[in-house]
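Spelled out from the first residue to the last, the chains are:
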Amino acid sequence: MTETNGRDPSDAELLLAAADGDRRAFEEFYRRYAPWLVLRLRARCADPALVDDVVQEAFLDVWRGAARYRREGDPAGWLWRIGSRRLVDALRGDGARGRLRQSLARLRHRDEPSAEERVLTGVEHGDLGGSLARLSPELRAVLQATVVDGLTTREAAALLGIPHGTVKTRAMRARRQLREEIA
């Protein structure tokens, strides 16, 4: 891995070099993104050991599949899709251990409704569900990416194939519309 025109290689250049078997390029990509991916996944999963395993598996997938990276795509968005899918797979495959952990969590907080229960109650009673259904598909897609999937506006822009500013504008419009309808 060498500097390109006196500058450090871009993330995309690192992935392309890794696809050609350049281990140092892959290691540099790992150094740049592993801490970021750990933080993002820990926001979705409280089990640090599971998150660490998922991050390692995600980077193994990157090493094995760097050739599948498309030049025009955002490297962070590509990595996030790999990592988040790996986390979902790990949580689904958690089996008995996961069910036990969920049961214990329910017992601990029996009197306190979870955030999911509060949202589902709103959907069930029609206030939030109806409001979400009345959003345009473009606004719903932005909410899905930024709120449900937890992507940054830049990542959502890469995922949805729209400009970063458009994501911000649509998110603001969606929040405003939901506030007006729910209030």
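The coordinates are above.
Residues numbered from 1 in each chain as written. Predicted model: local features only at pLDDT ≥ 70, side-chain atom pairs only at ≥ 80, totals over all residues. Heavy atoms only, no water.

**Concerning the packing of helix α2 (residues 23-42) against helix α3 (residues 48-65)**
Then comes step 1: Close contact between α2 and α3 brings their axes to 10 Å; oriented N to C, the two are set at 145°. In this structure, the crossing between α2 and α3 has a hand that is right-handed. Taken together, the residues of α3 that come into contact with α2 (itself represented by Arg23, Phe26, Phe29, Tyr30, Tyr33, Ala34, Leu37, Val38, Leu41 and Arg42) are Pro48, Val51, Asp52, Val54, Val55, Gln56, Ala58, Phe59, Val62 and Trp63.
Then comes step 2: Split by residue class, the contact of α2 with α3 holds 16 nonpolar, one polar and three charged. (Axes fitted to C-alpha atoms, helices over the stretch in contact; angles between N-to-C directions. Helix = DSSP H or I, 4+ residues; strand = E, 2+ residues; numbered from the N terminus. Left-handed = near helix turned anticlockwise from the far one by under 90°. Contact = heavy atoms within 4.5 Å. Nonpolar A, V, L, I, M, F, W, Y, C, P; charged D, E, K, R; others polar.)

**Some words on a positive patch on the surface**
Then comes step 1: Together, Arg173, Arg175, Arg176 and Arg179 line one region of the surface with positive charge.
Then comes step 2: For arginine 173, the position within the fold is in helix α10 (residues 164-182).
Then comes step 3: According to the relative accessible area criterion, arginine 173 is partly exposed, its value standing at 41%. (Patch = residues over 30% accessible without salt bridge, like charges linked within 9 Å, V, L, I, M, F, W, Y side chains within 5 Å. Areas by Shrake-Rupley, 256 points an atom, 1.4 Å probe, with all protein chains shown as cover. Salt bridge = Lys/Arg side-chain N within 4 Å of Asp/Glu carboxyl O. Lys, Arg positive; Asp, Glu negative; His and termini not counted. Charge placed at Lys NZ, Arg CZ, Asp CG, Glu CD. Buried < 20%, exposed > 50% of the residue type's maximum accessible area, 1.4 Å probe, protein only.)

All quantities given are derived from atomic positions and should not be read as evidence of function.
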